[in-house]
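Inside the fold
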Amino acid sequence: MNTRVLSAIEGFNMTRAFSTLQKYQDINWSKIPGIIFSKLGIPAIAIIIFLLVWGGIASRIHTSLGQLPGPIQVWGQVISLVAEHKAERAKEAAFFVRQEVRNAKTLAANPDAKVKIRPYTGKKTFFDQILTSIITVMTGFIFASLIAIPVGIMCGLSTTIYAALNPLIQTFKPVSPLAWLPIVTIIVSAVYVSNDPMFEKSFVTSAITVMLCCMWPTMINTTVGVSSIDKDLINVSRVLRLGWFTHIIKIVLPSSIPMMFAGLRVSLGIGWMVLIAAEMLAQNPGLGKFVWDEFQNGSSNSLARIMVAVFTIGIIGFLLDLLMLMLQRAVSWDKNAQLR
Amino acid sequence: MNPYLDISQVSIEFPTASGPFKALSDVNLQIGKGEFVTLIGHSGCGKSTVLNIVAGLYQATTGGVILDSKEVNEPGPDRSVVFQNHSLLPWLTAYENVELAVKQVYKGRPKQEVKSWVEHNLALVHMSHAMHKRPSELSGGMKQRVGIARALSMEPKVLLMDEPFGALDALTRAHMQDSLMEIQTRLNNTVIMITHDVDEAVLLSDRIIMMTNGPAATIGEIAEVNLPRPRNRVELAGNEDYNHIRAQVLKFLYERQTKPTENVA
């Protein structure tokens, strides 16, 4: 009996091994270099051409801050920004070590003494500023979505609500963040008064401006998605007499998710663009402020540092979009849909 | 005795840009409990409109529908519909699609009972093997089976079927018709089914309602089908009564109702 089991296992493995072998045989090895070239080679060549053109043009432009930086100078600033970040972190660690030693001494001399624990108030590094920007944009974006999705669903379900809100939506949609910002700043200064504020005013102002500018695409797309649900599915819901809540959860939301996410991705993209402008003017300590400070600073390194910020902003924007795409894949019921 | 389902003096007008369009005019039909009735007619003659009025999805302009001594005013699970294009929710599995209906109709039933009732209905349409698949993974016939299971699971007073097999190939359709007859012998539902397939109508029905062409369509002729059950399509092919009824329906459809102009009364 044992031998029979063994041979069965062997047979099983044999077939598996054979099918794996066959799979490898199915691969056309002669095509592999071509695939690698088109997936990696072509983008790499394009990037190299871009860098060469950039370097060539930059060397011919002379500004008040010296020659326009090329790729090499910008890379030099990337390294120096990383070094500054590490140095600042080391200083911070040293500060806390000193504080602890001092407090321990005080306590040893007098156990009843009140020790002071002070936060570190050193300057924000480039990476701290990136984090601030991401937190700010996400705050604005999440609040915008929390408003836009329910309003969009209501507009999609009811032609009355749509007729009521559509003129307002269309009017506010094209307004520039720079127009909102003064109003938001003044209102926040007037309303958000507290001796021990949980958030900086500049953070609140920036996040609200982001929210005001990025809720519209989600709202409009959700409306379109909800109002274009297959009529047969609505009839199913009517025959089943689903309550409004079940109707929304089981039918409206799943069928409008693709449109909704298309809107959310546009919204987050707009939010990220708006944020940089808002931070510049509101002085929220993020990437926008970094660019502004370097512009005001006007040292010979400033242009290269701003360019580092430009690339950082671009790459983070790209990553945020990828994040949304992954989220869309996770919640989408149609796993075969082509999402790009 | 009052009929189980009474459609009386039903007319319906749809508003259009060029004034109201009268789709149905004075439709009268009485259906007994457990009767299988098919509506047949050319495309656009208002068969689906009749069905939708019984379902409560449309409101008749004049006249009305009484089911089991109650007037029909709105859609409800006592008149469950099998839609032509199955209309399963694509994000739910076959099981979940039926479960949604069962949970809605039998609120507060214990979980185990819901589960066994869903499974029972899927077994009835021979879909137990694929009940955890999504509609996109099922063939057209299988999707329609799930649609039927969903409608049956609500134990409707009348089952409404809107060209349920219209989108299926001939072999699958024959298979589905056999399944439907088998279910019908077991459950003896009251059924109104729309079709434009003459063979299907004769094979399945107790009565065939032939509709005139629109606009202002109405019932043109009614054929009683008194063939003994269970019916077998192969044996019926040589049956004299079968061929007689078939010829009657064909004549109505292709001689009396070919041109819409002939319909003007």
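Not measured: the values here are computed from a predicted model. Counting starts from 1 at the beginning of each chain's written sequence and moves along it residue by residue. Naming scheme: in the order in which they are written, chains are lettered from A and ligands are numbered from 1. For this predicted model, a pLDDT threshold of at least 70 governs which residues receive local features, and a threshold of 80 or more governs which side-chain atom pairs are given and counted, while totals over whole chains, interfaces and linings are taken from all residues.

Counting 131 residues, the largest nonpolar core has A:Val210, A:Cys214, B:Val54, B:Ile192 and B:Val249 as its most contacted members. For this core, the leading source of residues is helix α9 (residues 244–282) of chain A, giving 15 residues. The domain limits used here are those given by an automatic or database domain assignment. A domain-level breakdown of this core finds at least three residues from each of domain 1 (5–80 + 159–263) and domain 2 (90–155) of chain B. Beyond its immediate stretch of four places on either side in the chain, B:Val249 contacts B:Ile40, B:Val198, B:Ala201, B:Val202, B:Ile208, B:Met210 and B:Ala223. Put simply, a nonpolar core is buried Ala, Val, Leu, Ile, Met, Phe, Trp, Tyr and Cys residues tied into one set by C-beta atoms within 7 Å. Each residue is classed by its C-beta neighbour count within 10 Å, where at least 20 other C-beta atoms makes it buried, 12 or fewer makes it exposed, and intermediate counts make it partly exposed; the C-beta atoms are placed from backbone geometry. Helix and strand definitions follow DSSP, with helices as H or I runs of at least four residues and strands as E runs of at least two, each counted in order from the N terminus. By the criterion used throughout, residues are in contact when their C-beta atoms, derived from the backbone, lie within 7 Å.

In this section: the interface of chain B and chain A. Counting residues at the interface gives 16 residues for chain B and 13 residues for chain A. Residue contributions to the side of chain B that touches chain A peak at three residues, all from helix α2 (residues 94–105) of chain B. Class assignment for the residues of the side of chain B that touches chain A results in eleven nonpolar, five polar and no charged. Asp, Glu, Lys and Arg are counted as charged, while Ala, Val, Leu, Ile, Met, Phe, Trp, Tyr, Cys and Pro are counted as nonpolar; the rest, among them Gly, fall into the polar class.

We now examine unusual backbone geometry. Residues and elements named next belong to chain B. Omega for the peptide link from Arg-229 to Pro-230 comes to -5°, which places this bond in the cis form. Tracing the backbone shows Pro-230 in the loop between β10 (219–224) and α7 (233–236). A positive phi angle, close to 60°, is found at His-126, a residue other than glycine. Mapped onto the fold, His-126 is located in the loop between α3 (111–124) and α4 (140–153).

This part covers the sheet that holds strand β9 (residues 207–211) of chain B. Residue and element names in this part refer to chain B. DSSP bridges decide pairing: two strands pair if at least two such bridges lie between them. Pairing within the open sheet is mixed, and its six strands lie in the order β6-β7-β8-β3-β9-β10. Taken across any chain shown, the strands that pair with only one partner, and hence form the sheet edges, are β6 (81–82) and β10. Here β9 runs beside β10; their pairing, made up of five bridges, is antiparallel. Its bridge partner lying in β10, Arg-207 is registered against Glu-224.

Attention now moves to the domain arrangement of chain B. Residue and element names in this part refer to chain B. Under the domain assignment used here, chain B contains domain 1 (5–80 + 159–263) and domain 2 (90–155). A straight line from the C-alpha centre of domain 1 to that of domain 2 covers 26 Å. Each partner contributes to the interface: domain 1 provides twelve residues, whereas domain 2 provides eleven residues. The greatest single-element share of the side of domain 1 that touches domain 2, amounting to five residues, is contributed by helix α5 (residues 170–187).

Residues and elements named next belong to chain B. With respect to the helices and strands, the residue Lys-115 is situated in helix α3. Its 14 C-beta neighbours within 10 Å are what place Lys-115 among the partly exposed residues. Considering only alpha carbons, one finds Lys-115 and Glu-99, 16 residues apart in sequence, at a separation of 7.6 Å.

A separate point is helix α7 (residues 201–227) of chain A. One turn of the α-helix equals 3.6 residues, which is why residues spaced by three or four share an orientation. Residue and element names in this part refer to chain A. What a helix should span is 1.5 Å times the count of its residues minus one. In a regular helix each residue adds 1.5 Å, so 27 residues correspond to 39 Å; α7 covers 39 Å between its end C-alpha atoms and thus fits that length. For a residue, the bend is simply the angle between two axes, fitted respectively to the seven-residue segment ending there and the seven-residue segment starting there. The sharpest bend along α7 reaches about 35° and sits at Cys-214, with the proline Pro-217 one to four residues further on. In terms of burial, α7 is largely enclosed, as 24 of its 27 residues are buried.

Attention now moves to the packing of α9(A) against helix α10 (residues 287–297) of chain A. All names here are of chain A. Lines fitted to C-alpha atoms define the axes, with helix axes restricted to the stretch in contact, and inter-axis angles between N-to-C directions lie between 0 and 180 degrees. One way to put it is that α9 packs onto α10 with a least axis distance of 7 Å and a crossing angle of 55°. When the axis of α9 is compared with that of α10, the two are oblique. Crossing handedness for the pair α9 and α10: right-handed. Only Leu-287, Gly-288, Lys-289, Val-291 and Trp-292 of α10 make contact with α9, whose side of the interface consists of Leu-275, Ile-276, Ala-277, Ala-278, Glu-279 and Met-280. Residue composition of the contact of α9 with α10, grouped by class: eight nonpolar, one polar and two charged. Comment on the angle field: the value is read as roughly parallel under 35 degrees, roughly antiparallel over 145, roughly perpendicular from 65 to 115, and oblique elsewhere. Note on convention: near helix rotated counterclockwise from far helix by under a right angle means a left-handed crossing. Clockwise means right-handed.

Here we take up the pairing of strand β4 (residues 62–67) of chain B. Residues and elements named next belong to chain B. Relative to β4, strand β1 (residues 5–16) runs antiparallel, the two being bridged by five bridges. Within the sheet, the bridge partner assigned to Leu-5 lies in β4 and is Leu-67. Taking the residues that link successive antiparallel strands as the turn, the β4-strand β5 (residues 70–71) hairpin has two residues, and the phi of Asp-68 there is positive, at about 50°.

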